[in-house]
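This is what each chain is made of:
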Amino acid sequence: MTAWISRFKSVAHGRLPPFSILSPDDNPSQYTTMSETTLSPWSPLEFEARLRGKERYYHINHPYQILMAEGKLTREQIQGWVANRFYYQVMIPVKDANILANCPDQATRKRWIQRIHDHDGLGEESGGIEAWTRLGMAVGLARDDLTSLRRVLPGVRFAVDAYVHFARHATWQEAACSSLTEMFAPKIHQQRLAGWPDLYPWIDPEGLGYFRKRVTQARRDVEHGLTITLDHFKTREQQERALNILQFKLDVLWTLLDAVYLAYIDQKPPYFNIAPD
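Residues numbered from 1 in each chain as written. Predicted model: local features only at pLDDT ≥ 70, side-chain atom pairs only at ≥ 80, totals over all residues. Heavy atoms only, no water.

### Notes on the overall build of the protein chain
- Of the regular secondary structure elements, the protein chain holds 12 helices and 0 strands.
- The N-to-C order of helical and strand elements in the protein chain reads α-α-α-α-α-α-α-α-α-α-α-α.
- Expressed as a percentage of its 277 residues, the buried residues of the protein chain come to 50%.
- For the protein chain, the proportion of contacts with a sequence separation of at least 24, taken over those separated by at least 6, is 78%. (Helix = DSSP H or I, 4+ residues; strand = E, 2+ residues; numbered from the N terminus. Buried < 20%, exposed > 50% of the residue type's maximum accessible area, 1.4 Å probe, protein only. Contact = heavy atoms within 4.5 Å.)

### Here's the deal with the pattern of salt bridges
- Here the structure, examined in full by the defined rule, presents 16 salt bridges.
- Note that Glu182 is salt-bridged to Arg214, the shortest N-O span being 2.6 Å. On the criterion of sequence distance, the pair formed by Glu182 in the loop between α9 (172-178) and α10 (185-199) and Arg214 in helix α11 (residues 209-232) is long-range, its members being 32 residues apart. Across this residue pair, the class does not change: Glu182 and Arg214 are buried.
- In this structure, Glu240 engages Arg236 in a salt bridge whose closest nitrogen and oxygen atoms are separated by 3.9 Å. Note that Glu240 and Arg236 are positioned in helix α12 (residues 236-264) at a spacing of 4 residues, about one turn of the helix. Comparing Glu240 with Arg236 shows no difference in burial state: the two are buried.
- Taken together, the shared-partner salt bridges in this structure form one network comprising Arg115, Asp118, Glu182, Arg214, Arg220 and Asp221. (Salt bridge = Lys/Arg side-chain N within 4 Å of Asp/Glu carboxyl O.)

### A closer look at the nonpolar core
- Ranked by internal contacts, the top residues of the largest apolar core, which has 66 residues, are Ile78, Trp81, Val82 and Trp196.
- Of all the elements in the fold, those that place two or more residues in this core are α2 (44-52), α3 (63-69), α4 (75-102), α6 (128-138), α8 (154-169), α10, α11 and α12.
- Among the elements that take part in this core, α12 stands out by supplying 14 residues, more than any other.
- With residues up to four places along the chain from it excluded, the contact list for Ile78 reads Tyr64, Met68, Leu73, Val139, Trp196, Tyr200, Trp202 and Ile203.
- One finds Leu100, Cys103, Ile116 and Trp172 within the second-largest nonpolar core, a separate group that totals 10 residues. (Core = buried A, V, L, I, M, F, W, Y, C linked by side-chain atoms within 4.5 Å.)

### Observations regarding the packing of aromatic side chains
- Across all of its chains, the model carries 12 aromatic pairs by this definition.
- Judged by centre distance (6.3 Å) and plane angle (70 degrees), the ring pair of Tyr64 and Tyr261 falls under edge-to-face. One end of the pair, Tyr64, is in helix α3; the other, Tyr261, is in helix α12, with 197 residues separating them in the sequence.
- The exposure class of Tyr64 is buried, given its relative accessible area of 0%.
- Judged by its relative accessible area of 24%, Tyr261 is partly exposed.
- Summarising the aromatic geometry, the rings of Tyr200 and Trp202 are spaced 6.3 Å apart at their centres and angled 80 degrees between planes, so their arrangement reads as edge-to-face.
- With a relative accessible area of 1%, Tyr200 lands in the buried category.
- Within the aromatic cluster, the residues linked to one another by ring pairs are Trp81, Trp132, Trp196, Tyr200, Trp202, Tyr210 and Phe211.
- Over the ring of Trp202 we find Arg75; its NZ or CZ atom is 4.2 Å from the centre of that ring. (Phe/Tyr/Trp six-rings, centres within 6.5 Å; stacked < 30°, edge-to-face > 60°. Lys NZ or Arg CZ within 6 Å of the ring centre and 35° of its normal.)

### Some words on α12
- Here α12 spans 42 Å end to end across 29 residues, near enough to the 42 Å set by a 1.5 Å rise per residue.
- Most of α12 sits inside the fold, with 23 of its 29 residues counted as buried. (Expected span 1.5 Å × (residues − 1).)

### Regarding the side chain of Gln239
- Within the secondary structure, Gln239 sits in helix α12.
- Residues within four places of Gln239 in sequence aside, it is in contact with Pro41, Trp42, Phe47, Phe233 and Lys234.

### Looking at unusual backbone geometry
- Of note in the backbone geometry, Leu149 takes a positive phi value of approximately 65 degrees without being a glycine.
- With respect to the secondary-structure elements, Leu149 resides in the loop between α7 (143-147) and α8.
- Even without a glycine there, the phi angle at Tyr271 is positive, about 65 degrees.
- Structurally, the position occupied by Tyr271 is in the segment after α12.

And the structure:
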């Protein structure tokens, strides 16, 4: 846990994740470093390919998501994931508001603000947070089970808060780069839309609206975020940093699921071994 704290702080304060704090189970090859010799920058095509190559670390490959995709999760395990992921959903517009606050470019702000509308809603139109709430109700949770946040695990809260902290203190271009995990999102949304009706017939299909919307929204957002990243990170050193920023965001998503797996698969929620008062 100390290693994770150090890693998140290092990225959030503008430093690359130092290998000295990685645990023996970490794979340093997922991060990139500069050699002593200055290297030529990658072409835009190669740079984009390397960003997209991070897909193997996307949480679609996490054991919890694999069990979900195979129809092997219980009702309680689905509910646990939905309730904890809700905290991520409600903090997305907070993250985006921090990016807007740090961005002096009006044209960028006019486009980026759509992400807040997508999640908070605008006028009479409800957004992604409400759509996720309906998903929660479709899997058998009460609205208050979600909005009270009482089911959010400490590890989930820590991971999500680290992401928001990064967006608040990084440059707006770096924070925009961290959003590029959305490059990999349409596949996981389509997987749920195709599989859940048969795998989990007890879930009301009307509750899957969030996934339907995000397939299109994510592709639109990726186009903008990728343009910002390719335009801003020009030198090899900057490009290496962009890859580490994207890896940090992948770490956030993976760590979120680690906490959920420990609580709902291994049946070891926080303080499970402590006798109640």
